[in-house]
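# Descriptive analysis of the structure
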Amino acid sequence: MGLEDDQAQVRVAQGRFQAAIAGLRDEEARRPSALPDWSVGHVLTHVARNADSHRRRADAAIEGRVVDQYPGGFPARAAEIDAGAARPAAALVADVVASADALEAAWGRVPTGAWDQTSRDVSGTERTLRTLPARRWQELAVHVVDLGLGVSAADWDDAFVARWLEPMRATLPGRLPAGASPPEPGRLDARAELAWLYGRLARPDLPVLGPWG
């Protein structure tokens, strides 16, 4: 898939994410999410700040600068998420929407040549800007499942599975526990396998993988 396709998929995934949180109530925002120690409010704040991180890198690429995804690295990212997680549900939802709109506008300002500018992830990995819309798509598709608001990995569309199954399989050598083996081909359907690769499917017969991010 190319850059324009990835951006189109981000718009689709953002729409699905916003549909899942439409009408969110304060008590739902306080509930635990599927992620350890994170409430639904934590997940929503993370998704909004992730959009900000993409916007910041797009703006930097336009100016020919390399910036870190999150100034201050992992500790600063965690602090921002903790600081925003307890806001009222309406504020959380508005933040998700506004940050996504700002990101879309920033991508629209990027001239063709700037898409090949380098950007640096919070992990220190350097990537070109043109690879980042696909990663934003991934964030939205995975984290909408973490909310526990009625969307599951079984709802992932064919385009998402086709785009990410092979890249996620490629992460296995560094994530499998010592002595463990992946499930035999065909044992899991594609969505179940991808959910397992993202750490969103836990079963006694499947190895617990290391982090994927």
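Residues numbered from 1 in each chain as written. Predicted model: local features only at pLDDT ≥ 70, side-chain atom pairs only at ≥ 80, totals over all residues. Heavy atoms only, no water.

### So, the overall build of the chain
When you go through the chain residue by residue, the secondary structure sums to 8 helices and 2 strands. The linear arrangement of helices and strands in the chain, starting from the amino end, is α-α-α-α-α-β-β-α-α-α. Against the globule reference of 17 Å for 213 residues, the chain gives a C-alpha radius of gyration of 17 Å, in line with a compact fold. Taken over the C-alpha atoms alone, the chain extends approximately 50 × 40 × 30 Å along its principal axes. A total of 213 residues make up the chain; the buried ones form 45% of that total. Residue pairs at least 24 apart in sequence account for 68% of intrachain contacts in the chain once pairs closer than 6 positions are excluded. Only carbon and sulfur atoms are counted for the fraction: they give 54% of the accessible area of the chain, which is about 10100 Å². With 25 positive and 29 negative side-chain charges, the chain shows a spacing of 2 Å between the two charge centroids. (Helix = DSSP H or I, 4+ residues; strand = E, 2+ residues; numbered from the N terminus. Rg over C-alpha atoms; globule rule 2.2 N^0.38 Å. Buried < 20%, exposed > 50% of the residue type's maximum accessible area, 1.4 Å probe, protein only. Contact = heavy atoms within 4.5 Å. Areas by Shrake-Rupley, 256 points an atom, 1.4 Å probe, with all protein chains shown as cover. Lys, Arg positive; Asp, Glu negative; His and termini not counted. Charge placed at Lys NZ, Arg CZ, Asp CG, Glu CD.)

### As for helix H7 (residues 158-169)
Over its 12 residues, H7 extends 17 Å from the first C-alpha to the last, a length consistent with the 16 Å expected when each residue adds 1.5 Å. Along H7, the positions that sit buried rather than exposed are Phe160, Val161, Trp164, Leu165 and Met168. For H7, the angular spread of buried residues about the axis comes to 125°, placing them on one side. Along H7, the residues that are exposed and aim more than 90 degrees away from the buried face are Asp158 and Ala162. Lining the buried residues of H7 we find helix H6 (132-146) and helix H8 (190-197). (Expected span 1.5 Å × (residues − 1). Arc of directions from axis to C-beta.)

### So, the nonpolar core
Nonpolar side chains in soluble globular proteins tend to end up buried together. Counting 55 residues, the largest nonpolar core has Phe17, Leu44, Leu147, Trp156, Phe160, Leu194 and Tyr198 as its most contacted members. Beyond its immediate stretch of four places on either side in the chain, Phe160 contacts Trp137, Gln138, Ala141, Val142, Leu194 and Tyr198. (Core = buried A, V, L, I, M, F, W, Y, C linked by side-chain atoms within 4.5 Å.)

### Here we look at the pattern of salt bridges
Counted under the stated rule, the structure contains 24 salt bridges. In this structure, the salt-bridge partner of Glu27 is Arg25, at a minimum N-O distance of 2.9 Å. What makes Arg25 partly exposed here is its relative accessible area of 43%. Among the ionic pairs, Asp146 bridges to Arg200, the shortest N-O distance being 2.7 Å. You can see Asp146 sitting in helix H6 and its partner Arg200 sitting in the segment after H8, a full 54 residues away along the chain. Counted as one network, the salt bridges with shared partners bring together Arg49, Asp52, Arg55, Asp59, Arg87, Asp95 and Arg109. (Salt bridge = Lys/Arg side-chain N within 4 Å of Asp/Glu carboxyl O.)

### Focus on the side chain of Glu139
On the secondary structure map, Glu139 appears in helix H6. Notably, Glu139 is buried but unbridged: the nearest opposite-charge side chain belongs to Arg136, and the N-O separation is 5.9 Å. Residues in contact with Glu139, not counting those within four places in the same chain, are His46 and Asn50.

### Here we look at H6
Its 15 residues give H6 an end-to-end C-alpha distance of 21 Å, which sits within 8% of 21 Å, the value for a rise of 1.5 Å per residue. Taken across its 15 residues, H6 has 14 buried, putting it largely inside the fold. Just downstream of H6, Gly148 is the residue with a positive phi angle, here 70°.

### Details of unusual backbone geometry
The phi angle at Asp37 is positive, at roughly 70°, despite the residue not being glycine. On the secondary structure map, Asp37 appears in the loop between helix H2 (26-30) and helix H3 (40-62).

### So, the packing of aromatic side chains
Taken as a whole and judged by the stated rule, the model has 5 aromatic pairs. For the ring pair Trp137 and Phe160, a centre distance of 5.7 Å and an interplane angle of 65° mean the geometry is edge-to-face. With Trp137 in helix H6 and Phe160 in helix H7, this pair connects stretches of sequence that are 23 residues apart. Here a set of aromatic residues connected by ring pairs shows up, and it is made of Trp137, Trp156, Phe160, Tyr198 and Trp212. Here the guanidinium or amino end of Arg77 rests over the ring plane of Tyr70, the centre of that ring lying 5.7 Å away. Over the ring of Trp164 we find Arg163, and its NZ or CZ is 4.5 Å from the ring centre. (Phe/Tyr/Trp six-rings, centres within 6.5 Å; stacked < 30°, edge-to-face > 60°. Lys NZ or Arg CZ within 6 Å of the ring centre and 35° of its normal.)

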